[in-house]
Amino acid sequence: MSAEDLENYETDMELALYREYRDVVGLFAYVVETERRFYLANQVDLQVRSAAGEVYFELSLADAWVWDVYRSARFVKSVRVVTFRDVNVEELAKAELDLGESGPFPR
């Protein structure tokens, strides 16, 4: 396999992963970023812990999807992450379906 073939393969894998993300993002309530991974999840519990003067984060996710091109199964039931680095948790905005009186299906 040439370097070009490998690069094309990696590009195709990243594109397939992005398409999967685009297809599943609407199923989740939260986006979670750690220094090593990017997750989508429906339940997030973030606890700040301290031991021996060091602060760390313990993160528990339920019903999650993992952004990782090398994983064959990206949907996971639960995830536990312990890290000394930053954790970013964002709640996704849900597009509201408002059929209202003017829509095709009045109430």
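Residues numbered from 1 in each chain as written. Predicted model: local features only at pLDDT ≥ 70, side-chain atom pairs only at ≥ 80, totals over all residues. Heavy atoms only, no water.

Chemist: What am I meant to see in the overall build of the protein here?
Modeler: Counting secondary structure elements, the protein contains one helix and five strands. Shown N-terminal to C-terminal, the secondary structure of the protein runs as helices and strands in the order α-β-β-β-β-β. Looking at the 107 residues of the protein, the share that counts as buried comes to 27%. For the protein, long-range pairs separated by at least 24 residues make up 50% of all intrachain contacts whose partners lie at least 6 apart in sequence. Total accessible area on the protein is roughly 8000 Å²; 49% of this is exposed by carbon and sulfur atoms. (Helix = DSSP H or I, 4+ residues; strand = E, 2+ residues; numbered from the N terminus. Buried < 20%, exposed > 50% of the residue type's maximum accessible area, 1.4 Å probe, protein only. Contact = heavy atoms within 4.5 Å. Areas by Shrake-Rupley, 256 points an atom, 1.4 Å probe, with all protein chains shown as cover.)

Chemist: Is there a simple way to explain the side chain of Glu58 in this structure?
Modeler: With respect to the secondary-structure elements, Glu58 resides in strand S3 (residues 54–67). A distance of 3.1 Å separates a polar atom in the side chain of Glu58 from a polar atom in the side chain of Arg80. Setting aside residues up to four positions removed in sequence, Glu58 forms contacts with Asp45, Leu46, Gln47, Arg49, Arg80, Val81 and Val82. (Polar contact = N/O pair within 3.5 Å; in protein donor to acceptor, adjacent residues only side chain to side chain.)

Chemist: How should I be thinking about the nonpolar core in this particular structure?
Modeler: Generally speaking, nonpolar side chains in soluble globular proteins are found buried as a group. If you look at the biggest cluster of nonpolar residues, it comprises eleven residues: Val32, Tyr39, Ala41, Leu59, Leu61, Ala64, Val66, Val76, Val79, Val81 and Val87. Sorting elements by how many residues they give to this core places S3 first, with four residues. Each residue touching Ala41, except ones within four places of it in the same chain, is listed here: Phe28, Ala29, Tyr30, Leu61, Ala62, Asp63 and Ala64. In this structure, Tyr21, Val31, Leu40 and Val69 belong to the second largest nonpolar core, which totals nine residues. (Core = buried A, V, L, I, M, F, W, Y, C linked by side-chain atoms within 4.5 Å.)

Chemist: What's the story with helix H1 (residues 3–24) in this structure? I'm lost.
Modeler: Three- or four-residue spacings in an α-helix give side chains the same orientation, since the helix completes a turn every 3.6 residues. Here H1 contains 22 residues, and its C-alpha end-to-end distance of 32 Å stays within 8% of the 32 Å for a straight helix at 1.5 Å per residue. Every buried residue of H1 is accounted for by Leu17, Tyr21 and Val24. Taken end-on, H1 shows its buried residues confined to a sector of 80°, consistent with a single buried face. Residues of H1 that are exposed and angled more than 90 degrees away from the buried face: Glu4, Asp12 and Asp23. Where H1 is buried, its residues meet strand S2 (38–51), S3 and strand S4 (75–83). (Expected span 1.5 Å × (residues − 1). Arc of directions from axis to C-beta.)

Chemist: Mind showing me how you'd approach a negative patch on the surface here?
Modeler: On the surface, a cluster of negative charge is made up of Glu4, Asp5, Glu7, Glu10 and Glu14. Looking at the secondary structure, you find Glu14 in helix H1. (Patch = residues over 30% accessible without salt bridge, like charges linked within 9 Å, V, L, I, M, F, W, Y side chains within 5 Å. Salt bridge = Lys/Arg side-chain N within 4 Å of Asp/Glu carboxyl O. Lys, Arg positive; Asp, Glu negative; His and termini not counted. Charge placed at Lys NZ, Arg CZ, Asp CG, Glu CD.)

Chemist: When you look at the environment of Ser78 in this model, what are you seeing that I'm missing?
Modeler: Mapping Ser78 onto the fold places it in strand S4. Along the backbone, Ser78 and Ala64 are 14 residues apart, and their C-alpha atoms lie at a distance of 6.6 Å. Not counting residues within four places of it along the chain, the set of residues in contact with Ser78 comprises Leu61 and Ala62.

Chemist: Looking at this structure, I do not really get the pattern of salt bridges. What am I missing?
Modeler: Side chains carrying opposite charge are able to pair once their charged atoms draw close together. Summed over all chains, the structure comprises five salt bridges. Ionic pairing is found between Glu20 and Arg74, a salt bridge with its closest N-O pair at 2.7 Å. Placement of the pair is Glu20 in helix H1 and Arg74 in the loop between S3 and S4, with a sequence separation of 54 residues. On the accessibility criterion, Glu20 (21% relative accessible area) is partly exposed. A salt bridge links Glu58 to Arg49, with the nearest nitrogen and oxygen atoms 3.1 Å apart. Its relative accessible area of 33% is what places Arg49 among the partly exposed residues. Within this structure, Arg49, Glu58 and Arg80 form a network of salt bridges that share partners.

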